[in-house]
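Here's the letter readout for the chains.
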Amino acid sequence: MIEQDAEGSSMFVMLEGTAQVSVSQNGAAIRVGILRTGDCFGEMSLLTGEKRTATIRAESDCEVLEINKPVMAQVLRDSPECVTQLSDLLARRQMENEGLIKDAAQDEQERADAYRATFLRRLRGFFEL
C-alpha cells in the first residue's frame, strides 16, 4: 500500500481489512505492527512532508479512505485542537518506529515530550497555522 522512503502527501484510514507495518533496518524488514479497521497510516508524510517512515502491506483485501493535504489543512483550520492531538500521535508513532515504547522510563517520557513539541511546531509551520 505504501513503501518506506517513498514520497507521500496523503494519509489513509483503514475502513476494512488488515495490513502489516514493517520498518527496514540494516536491509531487513522488521514487523512493527498490524493495522485493522479504524487505524490510520501515512500520517507522518502528510503532516510533516517527510518521506514514508514504514512499509504497509495488505494482509487481506483492504478498503481505505485517502486524506490529502488540502483536506487536512481545512480540518486543522476548523479544529485547531486537532494539531495537539496529531502531534501526540506523531510522537507515539516515531517512538514505535524507533522501538522505544517498552516501558514508561523517565528518559523515554522526556523523548516523547520532545518529539511532541517538535511535531507540534512542524505541524503549525507545514500547515501555516
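Residues numbered from 1 in each chain as written. Predicted model: local features only at pLDDT ≥ 70, side-chain atom pairs only at ≥ 80, totals over all residues. Heavy atoms only, no water.

1. Things to note about the side chain of Thr 48
So, step 1. Counting through the fold element by element, Thr 48 comes out in helix 1 (residues 43–48).
So, step 2. The class of Thr 48 is buried, set by a relative accessible area of 12%.
So, step 3. Among the polar contacts listed, one links the side chain of Thr 48 to the backbone oxygen of Met 44, at a separation of 2.5 Å.
So, step 4. Looking at Thr 48, its side chain comes within polar contact range of the main-chain nitrogen of Glu 50, at 3.3 Å. (Helix = DSSP H or I, 4+ residues; strand = E, 2+ residues; numbered from the N terminus. Buried < 20%, exposed > 50% of the residue type's maximum accessible area, 1.4 Å probe, protein only. Polar contact = N/O pair within 3.5 Å; in protein donor to acceptor, adjacent residues only side chain to side chain.)

2. Details of the pairing of strand 1 (residues 10–16)
So, step 1. Buried residues dominate strand 1, accounting for five of its seven residues.
So, step 2. In terms of strand pairing, strand 1 meets strand 6 (residues 63–68) through six bridges, oriented antiparallel. From the neighbouring strand, Ser 10 faces strand 6, where its bridge partner is Asn 68. (Pairing = 2+ DSSP bridges.)

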